[in-house]
Amino acid sequence: MSAHHGPAKGITRWLYTTNHKDIGTLYLWFSFAMFLLGGAFALVIRAELFEPGLQIIEPEFFNQMTTMHGLIMVFGAVMPAFVGLANWMIPLMIGAPDMALPRMNNWSFWILPFAFTMLTSTLFMDGGAPNFGWTFYAPLSTTYAPPSVTFFIFAVHIMGASSIMGSINIIATILNLRAPGMTLMKMPLFVWTWLITAYLLIAVMPVLAGVVTMMLMDIHFSTSFFDAAGGGDPVLFQHVFWFFGHPEVYIMILPAFGVISAIIPTFARKPLFGYASMVYATSSIAFLSFIVWAHHMFTVGMPVAGELFFMYATMLIAVPTGVKVFNWVTTMFRGSITFETPMLFSVAFVILFTIGGFSGLMLAIAPADFQYHDTYFVVAHFHYVLVPGAIFSIIAAVYYWLPKWCGNMYNETMGKAHFWTAFVGLNLTFFPMHFSGLAGMPRRIPDYNMMFADWNMLSSIGAFFFGASQLLFLFNVIATIRNGRKASDQVWENPEGLEWTLPSPAPYHTFTAPPKIG
Amino acid sequence: MQFCMLLNRVSGFFQRIKKPTTWSLALLFTLLSQQSFSVDVDRWQYNMTEGVTPVSRDVYGLHMDIFWWCVAIAVVVFGVMFYTMIVHRKANGAKASNFHESTLLEIIWTVVPFVILIIMAVPATKSLINIYDHKEGDMDILITGYQWKWKYDYIGSDVSYFSSLSTPQNQIRNMSTKGVNYLLEVDEPLVIPIKKKIRFLITANDVIHSWWVPDFAVKRDAIPGYINETWAFVDEPGTYRGQCAELCGKNHGFMPIVVEALPQAEYDTWLAAKQAETLKLQELTNQTFTFDELYTQGETVYNNVCAACHQVNGEGIPPMFPSIAGSKIATGAINGHLDIIVNGSKNNPAMRSFSGELSEVDIAAVITYQRNSWGNNMGDSVQPIDILRFKESGGE
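All values reported here derive from a predicted model rather than from experimental measurement.

Visitor: Could you give an account of the overall build of chain A, with specific residues and numbers?
Guide: Helix and strand counts for chain A stand at 16 helices and two strands. For 518 residues, the compact-globule estimate of 2.2 N^0.38 gives 24 Å, and the C-alpha radius of gyration of chain A, at 23 Å, lies within 12% of that figure. Within the span of chain A, comprising 518 residues, buried residues form 69% of the whole. Here the contacts in chain A between residues at least 6 apart in sequence split such that 82% fall between residues at least 24 apart. Total accessible area computed for chain A in this model is approximately 15,800 Å², and 71% of it derives from carbon and sulfur atoms. Both charge centroids of chain A, one from 19 positive and one from 22 negative side chains, sit 21 Å from each other.

Visitor: Tell me about the pairing of strand β10 (residues 256-262) of chain B, and please be specific about residues and values.
Guide: Residue and element names in this part refer to chain B. A large share of β10 lies buried, amounting to six of its seven residues. Across four bridges, strand β4 (residues 190-193) lies against β10 in parallel orientation. Counterpart to L190 in the pairing with β10 is V259. Of the strand pairs in this sheet, strand β9 (residues 238-243) and β10 are connected by six bridges, and their pairing is antiparallel. The residue of β10 that forms the bridge with R241 is V258.

Visitor: Outline the domain arrangement of chain A, supporting the account with residue identities and numerical values.
Guide: Residues and elements named next belong to chain A. When the domains of chain A are assigned, the result is domain 1 (23-248) and domain 2 (253-444 + 453-508). Using only C-alpha atoms to locate each centre, domain 1 and domain 2 end up separated by 19 Å. Summed over both sides, the interface between domain 1 and domain 2 buries roughly 4,700 Å², with carbon and sulfur atoms accounting for 80% of that surface. Interface area lost by domain 1 to domain 2 is led by R46, L189 and H246, which between them contribute 14%. Across the domain 1-domain 2 interface, the total number found is zero salt bridges. Linking domain 1 with domain 2 are nine residue pairs in polar contact (both at pLDDT 80 or more), by the criterion used here. If you list the elements that add at least two residues to the side of domain 1 that touches domain 2, you get α2 (20-48), α3 (59-94), α6 (189-220) and α7 (234-251).

Visitor: An account of the domain arrangement of chain B is needed here, citing residue identities and associated values.
Guide: All names here are of chain B. Its domain assignment divides chain B into domain 1 (54-88 + 103-131), domain 2 (139-263) and domain 3 (285-392). Using only C-alpha atoms to locate each centre, domain 2 and domain 3 end up separated by 26 Å. Facing nine residues of domain 2, the contacting portion of domain 3 comprises nine residues. Of all residues in domain 2, the largest losses of buried area upon contact with domain 3 belong to K149, F162 and K250, amounting jointly to 49% of the total for that side.

Visitor: Talk me through a nonpolar patch on the surface; I want residue IDs and the actual numbers.
Guide: All names here are of chain A. A cluster of nonpolar side chains, contributed by L175, L184, M185, Y199 and Y280, occupies part of the molecular surface with about 480 Å² of accessible area. Considering the arrangement of structural elements, one finds M185 in the loop between α5 (149-176) and α6. The class of M185 is partly exposed, set by a relative accessible area of 36%.

Visitor: Can you break down the sheet that holds strand β1 (residues 139-146) of chain B residue by residue, with the values?
Guide: Residue and element names in this part refer to chain B. If you trace the five strands from one edge of the open sheet to the other, you get β3-β2-β1-β5-β8, paired in mixed fashion. Either end of the sheet is taken by a strand with one partner, and the two such strands are β3 (160-163) and β8 (228-233). Ignoring which end each strand starts from, the neighbouring axes of this sheet average 25° apart. Pairing of strand β5 (residues 197-204) with β8 involves six bridges; the strand directions are antiparallel.

Visitor: Residue-level account of the interface of chain B and chain A, with values.
Guide: Across the boundary between the two partners, chain B contributes 101 residues, which contact 108 residues of chain A. With both sides pooled, the region where chain B packs onto chain A buries about 9,100 Å², and carbon together with sulfur makes up 70% of that total. When the area that chain B buries against chain A is broken down by residue, the three leading residues are B:F99, B:W109 and B:L247, summing to 8%. Run the count over chain B and chain A and you get three salt bridges. Of the charged contacts in the structure, one is a salt bridge between A:E58 and B:R173, with a shortest N-O distance of 2.8 Å. Applying the counting rule to chain B against chain A returns 31 residue pairs in polar contact (both at pLDDT 80 or more). In terms of residue count, the dominant contributor to the side of chain B that touches chain A is helix α3 (residues 54-87) of chain B (16 residues). For the side of chain B that touches chain A, a count of residues per class yields 61 nonpolar, 25 polar and 15 charged.

Visitor: Can you explain the side chain of B:H252? Please cite residues and give values.
Guide: Position of B:H252 among the secondary structure elements: in the loop between β9 and β10. In this structure the side chain of B:H252 is engaged in a polar contact, spanning 3.1 Å, whose partner is the backbone oxygen of B:E246. Beyond its immediate sequence surroundings of up to four residues, B:H252 is in contact with A:R443, A:R444, A:I445, B:W148, B:C244, B:A245, B:E246 and B:L247.

Visitor: Residue-level account of the pairing of strand β6 (residues 209-213) of chain B, with values.
Guide: Residues and elements named next belong to chain B. Within β6, five of the five residues are buried, which leaves the element mostly enclosed by the surrounding structure. Both faces of β6 are covered, namely the face carrying H209, W211 and V213 and the face carrying S210 and W212. Across five bridges, the pairing between β6 and strand β7 (residues 218-222) is antiparallel. Bridged to S210 within β7 is D221. Once β6 ends, the chain turns through four residues before running back antiparallel as β7, passing A217 with a positive phi of about 55°.

Visitor: Before we move on, could you go through the confidence of the model for chain B and cite the residues and values that matter?
Guide: Residues of chain B with pLDDT of at least 70 account for 90%, and the chain-wide mean is 88. Low pLDDT (under 50) marks residues 1-18 of chain B, which in the prediction has 10 contacts with non-local residues, meaning those over four places away or in another chain.

Visitor: If you had to explain the packing of helix α12 (residues 341-364) of chain A against helix α15 (residues 412-439) of chain A to someone new, which residues and values would you point to?
Guide: To characterise two packed helices, one gives the angle between the axes of the helices and the distance between these axes. Residue and element names in this part refer to chain A. Across the interface, α12 lies against α15 with an axial gap of 10 Å and an inter-helix angle of 10°. With respect to α15, the axis of α12 lies roughly parallel. Each of T341, L344, F345, A348, L352, I355 and S359 in α12 lies in contact with α15, whose residues at this interface are E412, G415, K416, H418, F419, W420, F423, L426, N427, F431 and H434. Tallied by class, the residues present in the contact of α12 with α15 amount to 10 nonpolar, six polar and two charged.

Visitor: Go over the sheet that holds β10(B) with me, naming the residues and quoting the values.
Guide: Residues and elements named next belong to chain B. Read across the open sheet, the three strands follow the order β4-β10-β9; overall the sheet is mixed. Only two strands of the sheet have a single neighbouring strand rather than two, namely β4 and β9. Neighbour-to-neighbour, the strand axes of this sheet turn through a mean angle of 25°, independent of strand direction. Contacting β4 and β10, helix α6 (residues 264-284) crosses the sheet at an angle of about 135° to β4.

Visitor: How would you summarise the pattern of salt bridges if you had to cite specific residues and measurements?
Guide: Residues and elements named next belong to chain B. Summed over all chains, the structure comprises 22 salt bridges over all chains. K135 is paired through a salt bridge with D133; the nearest N and O atoms lie 3.6 Å apart. Accessibility expressed as a relative area gives 59% for K135, which makes it exposed. Of the charged contacts in the structure, one is a salt bridge between R352 and D206, with a shortest N-O distance of 3.5 Å. Of this pair, R352 sits in the loop between α8 (334-343) and α9 (360-370) while D206 sits in the loop between β5 and β6; the two residues are 146 residues apart in sequence, bridging distant segments of the chain. R352 sits in the buried class, given a relative accessible area of 12%. What you see here is one network of salt bridges that share partners, running through E136, D140, R199 and E229.

Visitor: Break down helix α8 (residues 254-268) of chain A for me, with residues and values.
Guide: Between its first and last C-alpha atoms α8(A) spans 22 Å; for 15 residues at 1.5 Å apiece the expected length is 21 Å, and the two agree. Count one or two residues on from α8(A) and you reach A:R269, which has phi positive near 55°.

Visitor: Before we move on, can you summarise the packing of aromatic side chains with the specific residues and values?
Guide: Across all of its chains, the model carries 71 aromatic pairs over all chains by this definition. Taken together, a centroid distance of 6.2 Å and an interplanar angle of 50° make the contact between A:F225 and A:F226 tilted. For A:F225, a relative accessible area of 33% gives the class partly exposed. A ring pair is formed by B:Y154 and B:W270, whose centres lie 5.4 Å apart and whose planes are at 50°; its orientation type is tilted. Pair noted here: B:Y154 is in strand β2 (residues 149-154) and B:W270 is in helix α6, with a separation of 116 residues, a long-range link. Across the pair, exposure class does not vary: B:Y154 and B:W270 are buried alike. Looking at B:K178, its charged tip hangs above the ring of B:Y182, at a distance of 5.1 Å from the centre.

Criteria and thresholds
- Residues numbered from 1 in each chain as written.
- Chains lettered and ligands numbered in written order.
- Predicted model: local features only at pLDDT ≥ 70, side-chain atom pairs only at ≥ 80, totals over all residues.
- Heavy atoms only, no water.
- Helix = DSSP H or I, 4+ residues; strand = E, 2+ residues; numbered from the N terminus.
- Rg over C-alpha atoms; globule rule 2.2 N^0.38 Å.
- Buried < 20%, exposed > 50% of the residue type's maximum accessible area, 1.4 Å probe, protein only.
- Contact = heavy atoms within 4.5 Å.
- Areas by Shrake-Rupley, 256 points an atom, 1.4 Å probe, with all protein chains shown as cover.
- Lys, Arg positive; Asp, Glu negative; His and termini not counted.
- Charge placed at Lys NZ, Arg CZ, Asp CG, Glu CD.
- Pairing = 2+ DSSP bridges.
- Domains from an automatic or database assignment.
- Buried area = accessible area lost by both parts, 1.4 Å probe.
- Salt bridge = Lys/Arg side-chain N within 4 Å of Asp/Glu carboxyl O.
- Polar contact = N/O pair within 3.5 Å; in protein donor to acceptor, adjacent residues only side chain to side chain.
- Patch = residues over 30% accessible without salt bridge, like charges linked within 9 Å, V, L, I, M, F, W, Y side chains within 5 Å.
- Axes fitted to C-alpha atoms, helices over the stretch in contact; angles between N-to-C directions.
- Nonpolar A, V, L, I, M, F, W, Y, C, P; charged D, E, K, R; others polar.
- pLDDT = per-residue confidence, 0-100.
- Parallel < 35°, antiparallel > 145°, perpendicular 65-115°, else oblique.
- Expected span 1.5 Å × (residues − 1).
- Phe/Tyr/Trp six-rings, centres within 6.5 Å; stacked < 30°, edge-to-face > 60°.
- Lys NZ or Arg CZ within 6 Å of the ring centre and 35° of its normal.

As structure tokens, then:
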């Protein structure tokens, strides 16, 4: 066997692969498929909410749609997409030949399709799919759950195992396989943010596994972790869930910070303003993410000391997050800026993520949260940090690195068309939700009073627009891979990073001999 | 005919405009302006209510303060950003400078936000401590969340009743015009006196609910097995509407809250009438009713209480909500039928005990109705006194 053999032929290439590029590709395509599925569920929700009254689906099915939309987008679309980017880019960025644990890499991908097939199959089961929201609060998700909840629990276990293995692999790779001279403080920020994310994942995925196992015990083995009648406490569920859940939202945004920190300097033609402070800000956000979880629970009736602690800790997050935003803006300042598609998505990221940050700051004020909590204001908030936040950064990353991956340049006009339709669509969808929420519309309801009707109609129109725009993305990517014009090795004008020293497309095996770090 | 004219006008309108942006804006406008409601609702409401309690006004003030801070920061950050995006573009011949790292700048943009946060934290802390003032109130009301209605117990009097959605199914199914309070109306509102500190003790019977009245800035989770407390001091008489704010299953969107705040004298009259009604209901238990009386009353009870799950046609949504039409229980021994309504199902928690929720008269009526509807043809009936005896015998 030569060290430079190419990929195997046919399906076995993908089934048996231990190559970080193949596995990265698998993760990315899988997450895109899940993105379309979760998006389709969202469109069912928006179609029902187009007008007051029940028109298309029953409330029971509506709840299944909100639940499945959330679960699929979080665990199926955003997380695997970032793992895919990590697989592709981390070895290229640190000068490693592959991931440290290639066989485990294969395993951690290939259990995902099984998990999501199982989760999706619950839609066809007696009693329907999980209908208790992606946050699955007990006892709605235990005593009162449909029978399919057991399959949901098993699927979550598999997703958790996949994430934990992926994180171990990323940590092992970053800590052991850096090329000589690639010190920690020389690593690209994407590698830094992923290193920190991987630690977060290892810390909290077992907590998620724990809480679903406690549910399983309550449902099938007569324990009462979450049942007051047996000495348990439904609020315990929420504490454990959000101890996982809050770091989880940073798991979905920290790698995005890394992507944006790579793209903005390239198109501003200017180095990142404060590299070290970005690393420290990321670490502080990661630390704070562990001590703010109960801000999701301001209305459960915690003692006032608890409310105050979680309010202060949550407000504190604004400081390191502000440092990041100020850094990106200062990086652009007095640069020589061009607006290729990756830059458009990145600039939109900075603006819209900041808007999501503002509503986050408002939500941190506990007395005001009594009005915002569980309304569409919260829905607007987390969609602003997740859609133009996580999703836009993933799209920006794809446009930025696709020429390196496949060797072909995407069509700039089509890329821009995708950007502008997505930008208009998402703002039309999510901005009115701030207003309907403040006006008093609770989230997770299939029908509403006419006072909320206008905002909802705007949101629904925007959602279909945004959805259609993603088909343009799919078309763009396929067209680029199949017959895009040849990209240069450097692709962009003097981009920084080891990946740009490689030919385009990047060969199947790279850095088999470690590169020299200047 | 009218529809054709409308179509002509709309298509003519679109032929006159060419630009796609104008075109899509016009389409949007047409769609929105078609949303004409036959009732006068407050459309395009975009902000939080100031409400009618000192706490709610306080919360509104906090909300606006933090909002304007965000606007100010946004103006600065986005201002710099747009300036640089316009001025420092390569297309305008901008040459990139190479500056990076500035400890002074880093310190400034860490300290300034921190100071702003402290300025916000002070009033927020004050209002939170005020909201958590658990001193004795002038009266206590126990609020219990049920799937999918609220129960109000006036502690210290024997007044206790359920409050559930009164919007007819016809409106929800778009078969008749929606009223102005569509989905925000109940059969029996919570009634409270104004200018009194009302303490709410909040709990739930099945899953977690959340009792929310925006005008009071009160939102507190109703958690089964635990009791939360909060309070309101309402300044102005009026009708205030809210909704359940925690996903609680199928009809989460259909369990509104309506509070009527009355001047003390009117409240006292209402309470006296309510107490008299309670007494009368207890007397009814000893009366004997005809089959037709029971059947008619049963139909009303069924459609208000049972139909949410078992459906108006009695066929349910199996397997969670079984069919009553042709079911073993509704066509079997009458004691089994009594048992499942009084004690609930041992296997399916969705079928809870209705013993406290329905009066003896209502249970007798609804059993009679169920045994003689949708093809169930038992021909028998039960009297309220039978229900009482069944309960007193320990429900065996």
